[in-house]
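Below are the chains, spelled out letter by letter.
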Amino acid sequence: MNQFRNQANVYMDVDEGLKAYINGVYAKMGVGLAITALTAYFGYQNIISGGFMYKLLASGSSLVTLVAFFIQIGLVVNLSREITVMSPSRAKGMFYAYSFVTGVTFSILPLQFGAGTVFDAFLYAAVMFGACAVIGYTTNRDLSKLSGILMGGLVALIIASLVSMFVPSLRANLGIAYIGVILFCAITAWDMQRIKQMYYQSYNYEGSENLAVLGALSLYLDFINIFLYVLRILGASNRD
């Protein structure tokens, strides 16, 4: 009897730990999104008030975009490779730094699409992301079986996006945007399930806080990509 009671207590501890872990992942993701949104807002205000960002854009300089791009790549690569050995504070710092740099690059989105369209895209993305995250958390199906298809689709989407930069007809085609929304919604559900599995594999592991940061980064990137593709679709609809 004591053995069964002990096992039940262990299961309860794991379940309660999972809830706390998932809440921590979402809290970190939420902070990251807040940093991005606030940075983008103040960057946009700086542009329309003729500040430093406006002067860079007016000069036609692409230096900020290039620097921001390489900083983002460097942060993600470093965070993914060193996540198991770095301190939790450094891991969170790098994630929030990535969020800040993303916000800098997003400062020009209201100029391109309009502030109202950006806000609408955020709401649509939030609803789709939330629904897919719930599916990934609650489903009993093993979504890892789809990982090969999802990664293959992601590679194909990246190639198509690169080609569209040089082919105007593809750039104007919204097919890539719709595929992108569907693909990243599916990846969101898969990532959510994978984050749960990471918790069970790292239960009582001292580096679980860092894995929570990595999970937050994964979900953050999923949301950002859904948002960007939805924004592209809404922007095209408004122009029409």
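Note that this is a predicted model, so its numbers are computed, not measured. (Residues numbered from 1 in each chain as written. Predicted model: local features only at pLDDT ≥ 70, side-chain atom pairs only at ≥ 80, totals over all residues. Heavy atoms only, no water.)

Student: Just give me the short version of the overall build of the protein chain, but keep the residues and values in it.
Tutor: Looking only at helices and strands, the protein chain has 10 helices and 0 strands in total. Partitioning the intrachain contacts of the protein chain with sequence separation of at least 6 by distance along the chain shows that 84% fall at a separation of at least 24. Total accessible area computed for the protein chain in this model is approximately 13500 Å², and 66% of it derives from carbon and sulfur atoms. (Helix = DSSP H or I, 4+ residues; strand = E, 2+ residues; numbered from the N terminus. Contact = heavy atoms within 4.5 Å. Areas by Shrake-Rupley, 256 points an atom, 1.4 Å probe, with all protein chains shown as cover.)

Student: Outline a nonpolar patch on the surface, listing residues and values.
Tutor: A surface patch of nonpolar side chains, amounting to about 490 Å² of accessible area, comprises Leu66, Phe69, Phe70, Ile73 and Val77. Secondary-structure assignment places Phe70 in helix α3 (residues 63-82). (Patch = residues over 30% accessible without salt bridge, like charges linked within 9 Å, V, L, I, M, F, W, Y side chains within 5 Å. Salt bridge = Lys/Arg side-chain N within 4 Å of Asp/Glu carboxyl O.)

Student: Describe the environment of Met198, listing the residues and the values that go with them.
Tutor: By the secondary structure assignment, Met198 is in helix α9 (residues 175-201). With relative accessibility at 14%, the residue Met198 sits in the buried group. When the C-alpha positions of Met198 and Gly215 are compared, they lie 8.7 Å apart, and in sequence the two are 17 residues distant. Discounting chain neighbours no more than four positions away, the residues touching Met198 are Tyr21 and Leu211. (Buried < 20%, exposed > 50% of the residue type's maximum accessible area, 1.4 Å probe, protein only.)

Student: Now, about the nonpolar core: what can you tell me, with residues and values included?
Tutor: Grouped together as the largest cluster of nonpolar side chains are 56 residues, with contacts concentrated most on Tyr21, Met29, Leu79, Phe223 and Phe227. Mapped by element, the contributors of at least two residues to this core are α1 (2-48), α3, α4 (88-105), α6 (115-138), α7 (147-164), α9 and α10 (208-239). Sort the elements by how many residues they give to this core and α10 lands first, with 16 residues. For Tyr21, the contacting residues outside a window of four places in its chain are Ile195, Met198, Tyr199, Ser208, Leu211 and Ala212. (Core = buried A, V, L, I, M, F, W, Y, C linked by side-chain atoms within 4.5 Å.)

Student: Break down the packing of α6 against α9 for me, with residues and values.
Tutor: Packing of α6 against α9 leaves a shortest axis separation of 7 Å and a crossing angle of 40°. The angle between α6 and α9 places the two elements in the oblique class. Every pair of crossing elements has a handedness; the one defined by α6 and α9 is right-handed. Of the residues in α9, those touching α6 at Met128, Phe129, Cys132, Ala133, Gly136 and Tyr137 are Val181, Cys185, Thr188, Ala189, Met192, Gln193 and Lys196. Looking at side-chain class alone, the contact of α6 with α9 contains 9 nonpolar, 3 polar and 1 charged residues. (Axes fitted to C-alpha atoms, helices over the stretch in contact; angles between N-to-C directions. Parallel < 35°, antiparallel > 145°, perpendicular 65-115°, else oblique. Left-handed = near helix turned anticlockwise from the far one by under 90°. Nonpolar A, V, L, I, M, F, W, Y, C, P; charged D, E, K, R; others polar.)

Student: Give a description of the pattern of salt bridges that names residues and reports values.
Tutor: Within this structure, the stated rule accounts for 2 salt bridges. Glu209 is the partner of Lys28 in a salt bridge, and the nearest nitrogen-oxygen pair spans 3.0 Å. Of this pair, Lys28 sits in helix α1 while Glu209 sits in helix α10; the two residues are 181 residues apart in sequence, bridging distant segments of the chain. When the shortest N-O distance is used, the salt bridge between Arg194 and Asp191 registers 2.6 Å. Taken together, the positions of Arg194 and Asp191, both in helix α9 and 3 residues apart, correspond to about one turn of that helix. In this structure Asp191 comes out as buried when scored by relative accessible area, which is 5%.

Nothing here speaks to function; it is geometry throughout.
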